[in-house]
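# Report on the structure
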Amino acid sequence: MNHIPGLPIAGGGRRSEAGGGLLYQGADWSFDTLRNSYDAIERIAAEELKLEIYPNRIEVITAEQMLDVYTSHGMPLIYKHWSFGKRFVGHENAYRRGLMGLAYEVVINSSPCISYLMEENSATMQALVIAHAAFGHNHFFRNNRIFREWTDPSGILDYLEFARSYIARCEERHGMRAVERILDAAHALQNQGVHRHSGAKLIDLKAEQQRDRERREHEERSFNDLWRTLPNGKTVAASDTQSERRRRLGLPEENLLYFLEKNAPKLAPWEREVIRIVRLIAQYFYPQPQAKMMNEGCATWVHSEIMSRLHEQGRIDDAAYLEVIHSTTNVITQPGFDQGGGGSFNPYALGYAMMSDIARVCTDPTDEDRRWFPDIAGNNDAVGTLKHAWSEYRDESFILQFLSPAVMRRFRMFRLLDDVSKPYLLVDDIHDEAGYREIRRALARSYDPSHFYADIEIVDLDLSGDRCLRLEHRTRAGHLLAEQDARASLRHLAELWGYEVKLIELDPQTDTVLATHTAAPLRV
Amino acid sequence: MDIIDRRPNPHGKNLENRQRVLNKARDAVQRAARDAVASGKLREVAQGSAISIPSDALHEPSFQRVFTGGSRDIVLSGNKVFSRGDRIQRPPGGKGGGGGGAGEAGESGGGEDSFRFVLTRDEFLDLFFDDLELPDLVKREITTTETMASTRAGLASEGSPSQLDLGRTMRYSMARRIGLRRPKTETVRELEARIALLEDEAPGGEELTALRAELALALRRLNRIPWVDPVDLRYRRFTQTPKPSARAVMFCLMDVSGSMTERMKDLAKQFFLLLHVFLERRHKQVDVVFIRHAEAAEEVDEEKFFTDPRTGGTIVSSALHEMIKIQKARYPVSGWNIYVAQASDGDNSASDTPKSCLLLQETILPIVQYYAYIEIVGSGAIIRGETDLWRGYKRVAESMDQLVMRQVAEKRDIFPVFRDLFARRAEASP
């Protein structure tokens, strides 16, 4: 044991001099140790890894507050709706009965980037999750292309505040029932409420409020009771060719909520605004699942890198470092297909394995790596290569580009062909020379965002006739909509549209109709 | 970088959302609550507990794809023995592995696809006894004794210091200060400042003298007129107001004779238990008297009434006598609403039935609000004649509205009968 002469040996007290000494000892943390840990981690992140991050805000919360955060999709605040209560009760039950542990942290893609830390964490876990969330995830949010393109982290908190108060005001004015009717319906359609093919417009709180105010003012200014007394005149039947109609309404439209907000004939202005709120929030969450594996991989790699540097620098002791290894290993466990868990890939495991593999290829490539990755093998710039990948790829393209035979071997990947007409499942590729590319392609395909959500478009509507809205679902081979859910969702759609709606499921290759669903609104 | 300690923030952020879920699933929750009671164990249930409701009451639909036909490929990890071309038996019962979707419901565990709720005792009982009411409680409310309660009654100029109304006092004080033109401290300070300034610049000037006089006046006023004067003080005044309270007493009469089998006693107890919880819940002012009888009747406490076994012959009138005795001694008609619930299997010694009916008709029914008679039918007897007691009571019931009688054969009857007896009527019956 050696300690710096002249300094008293710390008896549990803190001994953090600039640049040296242990950050903490034992499991207890205080706000001082948090700050010191943060500073030490920041130094490594900035000087060695050169991460670019949003300013950080770290909030310490209790278990109950963590449940609250879970409930609102990890957002610090959200409007009131029964579905959040349902989620809360579900999580609470699972947690109380010990079926579910709570996360050590939750991080929000906002600027400043908010990380919630659980108060129960030990000092080491606090340092670990600061490295993981406040630096790993934060860097990913800030630099990844899809997050940059689709989300506006500086506006989201203000927008949520606006949404919450707007919906509360609507409830005051129009009653909870009426608002709930719209929210229920909009929630059912929110997966079909995003623009997929163009960058989202940035949310601007000022403009939103302005729009809302103008809309209301116009309504109040132009109010004239006489309009109510006008007899309903006959509408002029316009000759309305399908192509012209489709052009005018911008059909086909894949964003159902957007179309309803703009075109549904029976909605009141505030109802359109509520739909818009649900739509914009859904849009904000849209990128998350597309890069989940990379995001977790990036954060895990960053924290394990930073924590081992802290250990090398002597800022944390061996006990703490063992705790780090223990907890990291827990997180990156990949159960085999036969060990329960349904055989899906753990995003932490695959992500971390790929990140460390890329680092290995950069610094210590084998002949195989040189063949597979001629452009990065042995370039001795692991951090630079990783940072490039983090900023330019999403899960699908990342796997297609970087999944190496070494990782496939480590995970012992194989591919099953499930053909319902056969009584057995066929193993059609395994991790060998002949199978690497096929497996990689198949795995990447399963991360394709079109895999997550059904591809449903509004294709036509008859404005001068019965106003029936026609939708098409272009199915993936062998995948139809779950019947009951489809019918219930369609009823919600009809509720918003105000007239009958019809959904046709098509085989995209042959255009044969596979199934048809219709729904009409309850009150006409 | 900021570190914020959010732990002291207000808790229960999701209480309102939780309330909304309850409302959303109110019917389902209510049904579940009643099922929980029907299956016994009201005691435990009413302590606040978990109930499960079918999850479709709270289902949130969305467009979801399911694999229905054709072929697909799946990449998995953890290969140990397979090589290319191997065929694997399909896992039983499914079309293959990762068929997600079941997610949320799986957490509940309580049966398939159900959603578990932990209700507080209050929530539970609210749902459970929703729209039930003690009949006719209004009727004698006027005659009930009164308790006194303190209510605010304006202000007083004297009182105890703890009741000082500071806002009001300061308002009076300000009015007085303005009325008497008490100079403000700032004005005095300003004068002093100006005097000091002038003393430096032009000592002995005319303005200075005037200012000094003004200052002297202001100071005199300041000293004479206090900031707060005793006349300003105002105290909150309270008066005692009589508070009408509907007092009621409920007599629970149970037959514990030998002819009552354990099962029948159990049914009777269930009924009373329900009644007891209901009364406790709805009417804070209700006294409950437990009387059990075989050949002789005795008043017992709640614990004994529900748990202590007893056997013997049956004389119903003994219980009625006991009830009248207690009522005379402790619950004068002028001050109490009186309710009686009686449970029996209908067996009674033949000579006693006419006596009981007479007692009921002449003495008891005229003074009670409501008399509920539950006859517990033996499980074996599907076709069963009316018992003596039932026949006798029925004749009485024809002429007296207060007497209501029902038969109970099985556990699941109890709640419907109970609801039937205590359902809130739209208009009080005449």
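Residues numbered from 1 in each chain as written. Chains lettered and ligands numbered in written order. Predicted model: local features only at pLDDT ≥ 70, side-chain atom pairs only at ≥ 80, totals over all residues. Heavy atoms only, no water.

### Structural notes on the sheet that holds strand β7 (residues 469-474) of chain A
Think of a sheet as strands paired side by side through backbone hydrogen bonds, with each pair either parallel or antiparallel. All names here are of chain A. Across the sheet, four strands lie side by side as β6-β7-β9-β10; this open sheet has mixed pairing. Of all the strands in the sheet, just β6 (456-461) and β10 (513-519) have a single pairing partner and so form its edges. With direction set aside, neighbouring strand axes in the sheet form an average angle of 25 degrees. With six bridges connecting them, strand β9 (residues 501-506) and β10 associate as antiparallel partners. (Pairing = 2+ DSSP bridges. Helix = DSSP H or I, 4+ residues; strand = E, 2+ residues; numbered from the N terminus. Axes fitted to C-alpha atoms, helices over the stretch in contact; angles between N-to-C directions.)

### Describing the confidence of the model for chain A
Per-residue confidence for chain A averages 83 on the pLDDT scale, and 91% of its residues sit at or above 70. Low pLDDT, under 50, characterises residues 1-18 of chain A; the predicted model gives this stretch 11 contacts beyond four residues in sequence or across chains. (pLDDT = per-residue confidence, 0-100. Contact = heavy atoms within 4.5 Å.)

### Overview of the interface of chain B and chain A
Every contact between the two is made by 61 residues of chain B and, on the other side, 98 residues of chain A. Carbon and sulfur atoms supply 54% of the area buried between chain B and chain A, which totals about 7500 Å² over both sides. Taken together, the connections running from chain B to chain A amount to 12 salt bridges. In this structure, the salt-bridge partner of Arg 72 of chain B is Asp 418 of chain A, at a minimum N-O distance of 3.0 Å. Across the contact surface, chain B and chain A share 35 residue pairs in polar contact (both at pLDDT 80 or more). (Buried area = accessible area lost by both parts, 1.4 Å probe. Salt bridge = Lys/Arg side-chain N within 4 Å of Asp/Glu carboxyl O. Polar contact = N/O pair within 3.5 Å; in protein donor to acceptor, adjacent residues only side chain to side chain.)

### A look at the sheet that holds strand β11 (residues 297-300) of chain B
All names here are of chain B. Pairing within the open sheet is mixed, and its six strands lie in the order β11-β10-β9-β12-β13-β14. In this open sheet, the two edge strands, each paired with only one partner strand, are β11 and β14 (403-408). Averaged over all adjacent pairs, the angle separating strand axes in this sheet is 20 degrees, with direction ignored. Where strand β10 (residues 286-293) meets β11, four bridges bridge the pair, whose relative direction is antiparallel.

### Considerations on a negative patch on the surface
A surface patch of negative charge is lined by Glu 214, Glu 217, Glu 219 and Glu 220 of chain A. Along the chain, Glu 220 of chain A turns up in helix α8 (residues 205-221). (Patch = residues over 30% accessible without salt bridge, like charges linked within 9 Å, V, L, I, M, F, W, Y side chains within 5 Å. Areas by Shrake-Rupley, 256 points an atom, 1.4 Å probe, with all protein chains shown as cover. Lys, Arg positive; Asp, Glu negative; His and termini not counted. Charge placed at Lys NZ, Arg CZ, Asp CG, Glu CD.)

### Quick look at the confidence of the model for chain B
Residues and elements named next belong to chain B. For chain B, the average pLDDT comes to 76, and 80% of its residues sit at 70 or higher. Ranking the elements of chain B by mean pLDDT puts helix α3 (residues 42-45) last, at 54, and helix α5 (residues 166-179) first, at 92. Overall, residues 94-112 carries pLDDT values under 50, and its contacts beyond four positions in sequence, including any with other chains, amount to 23 contacts. In this model, residues 426-430 is a region of pLDDT below 50 whose contacts with residues beyond four sequence positions or in other chains number three contacts.

### Focus on the pairing of β10 of chain B
Burial analysis of β10 of chain B places six of its eight residues in the buried class, which makes it a mostly covered element. Linking β10 of chain B back to β11 of chain B in an antiparallel pair, the connection comprises three residues. (Buried < 20%, exposed > 50% of the residue type's maximum accessible area, 1.4 Å probe, protein only.)

### Focus on the packing of helix α1 (residues 31-47) of chain A against helix α13 (residues 292-312) of chain A
Residue and element names in this part refer to chain A. Orientation of α1 relative to α13, taken along the N-to-C sense of each, is 110 degrees, at an axis distance of 10 Å. Relative to α13, the element α1 is oriented roughly perpendicular. The handedness of the crossing between α1 and α13 comes out as right-handed. On α13, the residues touching Ala 40, Ile 41, Ile 44 and Ala 45 of α1 are Ile 306, Arg 309 and Leu 310. Looking at side-chain class alone, the contact of α1 with α13 contains six nonpolar, no polar and one charged residues. (Parallel < 35°, antiparallel > 145°, perpendicular 65-115°, else oblique. Left-handed = near helix turned anticlockwise from the far one by under 90°. Nonpolar A, V, L, I, M, F, W, Y, C, P; charged D, E, K, R; others polar.)

### Considerations on the nonpolar core
Residues and elements named next belong to chain A. Counting 84 residues, the largest nonpolar core has Leu 350, Trp 390, Phe 398 and Met 413 as its most contacted members. Here this core takes 12 residues from helix α4 (residues 123-143), the largest share from any one element. Inspection of this core shows a minimum of three residues originating in each of domain 1 (31-151 + 289-312) and domain 2 (335-451). Once residues lying within four places of it in the same chain are set aside, the contact partners of Leu 350 are Met 293, Phe 345, Ile 399, Leu 403, Val 407, Phe 411, Met 413, Leu 443 and Tyr 447. With 65 residues, the next largest nonpolar core counts Ile 78, Phe 162, Leu 251 and Ile 275 among its residues. (Core = buried A, V, L, I, M, F, W, Y, C linked by side-chain atoms within 4.5 Å. Domains from an automatic or database assignment.)

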